[in-house]
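So you can see what is in the structure, the chains are spelled out below.
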Amino acid sequence: MLPTLLDSISTLALVGATLAFYVIVVVTRSLLRSLFSPLNTVPGPLLNKFTNLPLFYSILRGTYYEYSIRLHTQYGELVRLGRDHVSVSNASELRRILATHTFRKGANYERSVYLMPTVFSTTDPDLNRTRRRQFGSLYAMSSIRSMEDLILEHGVLSLIKSWDKALENSEEENCATVNYHYGFHGMSFDIIGILGFGKSFNVLSQGDTAMTDAFHKLLVFLAMTGRIPIIQHMRWAFKPLFDARDYVTQVVHRSIETRKAYIAENGKPPRIDLLQKIIDARDPLTGEVIDMPNLVSETALLLAAGTDTTSNTLSWTIMHLMHYPHVYQRLRDDIRREFPDHSTPIRYEEARKQLPYLTAVLNESMRVSPSVASYLPRRLPMDGNGATVCGHYIPHGAGEICLGIAACHRRSDIWPDPSRFDPERFMGADTDGNLKNMLAFSSGVRMCIGRNLAWVELYTTMANLLRRYDFKLPDSAPYGPHRTFNGIPEEIPGIAFITSGPRDPTRNCKVEISLAF
Ligand code: HEM
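What comes next concerns the included structure. (Residues numbered from 1 in each chain as written. Predicted model: local features only at pLDDT ≥ 70, side-chain atom pairs only at ≥ 80, totals over all residues. Heavy atoms only, no water.)

1. Describing the sheet that holds strand β1 (residues 78–82)
Within a sheet, adjacent strands bond to each other through the backbone by hydrogen bonds, running parallel or antiparallel.
Step number 1: Overall, mixed pairing links the four strands, which are arranged β1-β2-β7-β4 in an open sheet. Lying at the two open borders of the sheet, with one neighbouring strand each, are β1 and β4 (377–379). Shown here is a sheet whose adjacent strand axes are inclined to one another by a mean of 35°, direction ignored.
Step number 2: Inspection of the sheet shows β1 paired to strand β2 (residues 85–88) by four bridges, in the antiparallel sense. Following the sheet pairing, L78 is matched in β2 by V88.
Step number 3: Across the sheet, helix α4 (residues 64–75) is in contact with β1, β2 and β7 (400–403); its angle to β1 comes to roughly 135°. (Pairing = 2+ DSSP bridges. Helix = DSSP H or I, 4+ residues; strand = E, 2+ residues; numbered from the N terminus. Axes fitted to C-alpha atoms, helices over the stretch in contact; angles between N-to-C directions. Contact = heavy atoms within 4.5 Å.)

Here it is, written out as structure tokens:
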């Protein structure tokens, strides 16, 4: 009995000692690595030399955006974000990094792949080049404008219908409280539904949230499996997330098959939209088309890339207009003066040409509140030579470089009084120079491919809404011109996972509307 007990105690002690030894080795190695890291000359908090925890904590809490701005404001244009992460907020350095495929997208893009790598998630320059060639004509402005009627019908005109109904049903005379954030959110999904899936998801018109719910669960699923891949095999534990992924996949499959069946029966598609263009997309160099698994992934990507990005930008724009009444009034007056005839919707090209102040407002909104400014890391060049960034040499293997887009847009040496929303920055002689310091759509070879669609939605939505309705914050609005910090209206706090939008929109994004005529 006694020898058996002694045996098991000594086995336990051996296991314990081995574990302790292993922990000591790992901790010592990591400490030595941190102490002698070539990134130690990069300014930043002491803790960040030893761990990525503050960085990952901010990513998981959705506060990366503020975290990165805070560190850059304190430490300058190159900061130590974590043990093996630095961030850059210098626009010309960022443009240089983004100009070619030398600095490839970071490892996290590959981890969150849904079925197959897409034009967005791939870190392989060849695949990205092929896809961008295949999709080049699809996202060209001429192609997007050929779909403008659909964009208007399922976008701002549908939102107007729903807000007019709210006014009709309101107990108050010509006044209703609506939630602009949910309105824009539904609208952006319905636009992607009609353009990319062959039919609207009816989020706005019928309040059908099946797709938006499933899609948001899919994002959680991708984020979790990206970090903990074993979850891919744990359907029993995460059934709702698996069901959501399957639902999105089925909807995409069905859309593609319905369209192919229609063509087989009628000899031609019902219309030329994004779905049709993705199905038909050919590489101009090789003639290659996209096979079914890739087709499903690229079509599903439209949901991730083309919905919250645009709707959050619209939400931030309304927030800024409500916080700066003089900007709101000037923009509203410009729109009503230039487009007095209410019988036809304002279209993209005329809004862009006739409303320079709207262009300035949108640019300024994307400067202060870029909707894609989360964790966007880039790898060091594959040639093993490392790179010099903002005067610091970063050797190969030292870590990843993050794009400090939000911080770049808030540099006080470039943008005086950077937190102030001031569209004048994009109205005068400095406009071209200032646009060079803007990276809301990124830059270079991986620049946003859908920006033309975004611009059409942004112009048509803002111009038509501000012509038709007067907007006013409710007296109970938690944020507004009445709540200032250092003389500047406090912004609604943001929450940034992939895109950055207002936190707690149910409470923070209400607005009173009334018909202006
Ligand atoms: C205001 C709206 C939008 C903003 C601010 C925006 C911003 C961005 C940014 C910053 C990137 C670079 C991301 C990175 O490097 O990881 C990007 C990439 C991308 N965007 Fe957008 N985007 C918007 C709307 C759209 C729309 C409407 C679509 C398509 C329907 C779209 C499709 C894409 C795609 C496919 C990429 C990846 C391009 C590549 O890696 O080659 N975006 N976008």
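Next comes the rest of the write-up.
2. Brief notes about the coordination of the iron atom of the ligand
Around a metal, the ideal angle is 109.5 degrees if four donors adopt a tetrahedral arrangement and 90 or 180 degrees if six donors adopt an octahedral arrangement.
Step number 1: You will see that the iron atom of the ligand has only one donor from the protein, C448 (SG), lying 2.3 Å away.
Step number 2: Relative to the helices and strands, C448 resides in the loop between α22 (431–436) and α23 (451–468). (Donors = N, O, S within 2.8 Å, 3.2 Å for Na, K, Ca; no water.)

3. Focus: the layout of surface pockets
Step number 1: Put simply, the second largest pocket is a space of about 490 Å³.
Step number 2: Elements supplying a minimum of two residues to the lining of the second largest pocket: α4 and β10 (488–489).
Step number 3: Of the residues forming the lining of the second largest pocket, the biggest block, three residues, is contributed by α4.
Step number 4: Per-class residue counts for the lining of the second largest pocket are 10 nonpolar, five polar and four charged. (1 Å grid on protein atoms, 1.4 Å probe; cavity = no way out; pocket = protein on both sides within 12 Å on 5 of 7 lines; lining within 4 Å. Points joined across faces, edges and corners; volume = space filled by probe spheres on them. Nonpolar A, V, L, I, M, F, W, Y, C, P; charged D, E, K, R; others polar.)

4. Details of the site of the ligand
Step number 1: In the region of the ligand, 28 residues are neighbours, and Y109, R132, R378, R446 and C448 sit closest.
Step number 2: Separating an oxygen atom of the ligand from a side-chain N or O atom of K105 is a distance of 3.0 Å.
Step number 3: A distance of 3.4 Å separates a nitrogen atom of the ligand from a polar backbone atom of A305.
Step number 4: Contributions of two or more residues to the shell around the ligand are made by α7 (125–135), α16 (292–306), α17 (308–323) and α23.
Step number 5: Among the elements that make up the shell around the ligand, the one with the highest residue count is α16 (four residues). (Near = heavy atom within 4 Å. Polar contact = N/O pair within 3.5 Å; in protein donor to acceptor, adjacent residues only side chain to side chain.)

5. Observations concerning the packing of helix α14 (residues 239–266) against α16
Step number 1: Interaxial distance between α14 and α16 falls to 10 Å at its minimum, and their mutual angle equals 115°. It follows that α14 is roughly perpendicular to α16 by the angle criterion. α14 and α16 meet at a crossing whose hand is right-handed. For the pair formed by α14 and α16, the contact residues are V248, T249, V252, H253, I256, E257 and K260 on the first element and M292, L295, V296, T299, A300 and L303 on the second.
Step number 2: Looking at side-chain class alone, the contact of α14 with α16 contains eight nonpolar, three polar and two charged residues. (Parallel < 35°, antiparallel > 145°, perpendicular 65-115°, else oblique. Left-handed = near helix turned anticlockwise from the far one by under 90°.)

6. Side note on the packing of aromatic side chains
Step number 1: One pass over the full model with this rule turns up 17 aromatic pairs.
Step number 2: Between Y180 and F184, the aromatic rings sit 6.4 Å apart at their centres with planes inclined by 50°, giving tilted as the arrangement. With Y180 and F184 both in helix α11 (residues 180–196), this residue pair falls four residues apart, about one helical turn.
Step number 3: The exposure class of Y180 is buried, given its relative accessible area of 2%.
Step number 4: Each ring, one from W455 and one from Y459, has its centre 5.7 Å from the other, and the planes form 40°; the classification is tilted. Of this pair, W455 and Y459 both sit in helix α23, separated by four residues, roughly a single helical turn. Considered together, W455 and Y459 belong to a single accessibility category, that of buried residues.
Step number 5: By the ring-pair criterion, three or more aromatic residues cluster together here, those being W163, Y180, F184, Y328, Y469 and F471.
Step number 6: It is K105 that lies over the ring of F120; its NZ or CZ is 4.1 Å from the centre. (Phe/Tyr/Trp six-rings, centres within 6.5 Å; stacked < 30°, edge-to-face > 60°. Buried < 20%, exposed > 50% of the residue type's maximum accessible area, 1.4 Å probe, protein only. Lys NZ or Arg CZ within 6 Å of the ring centre and 35° of its normal.)

Distances and angles like these do not, on their own, reveal function.
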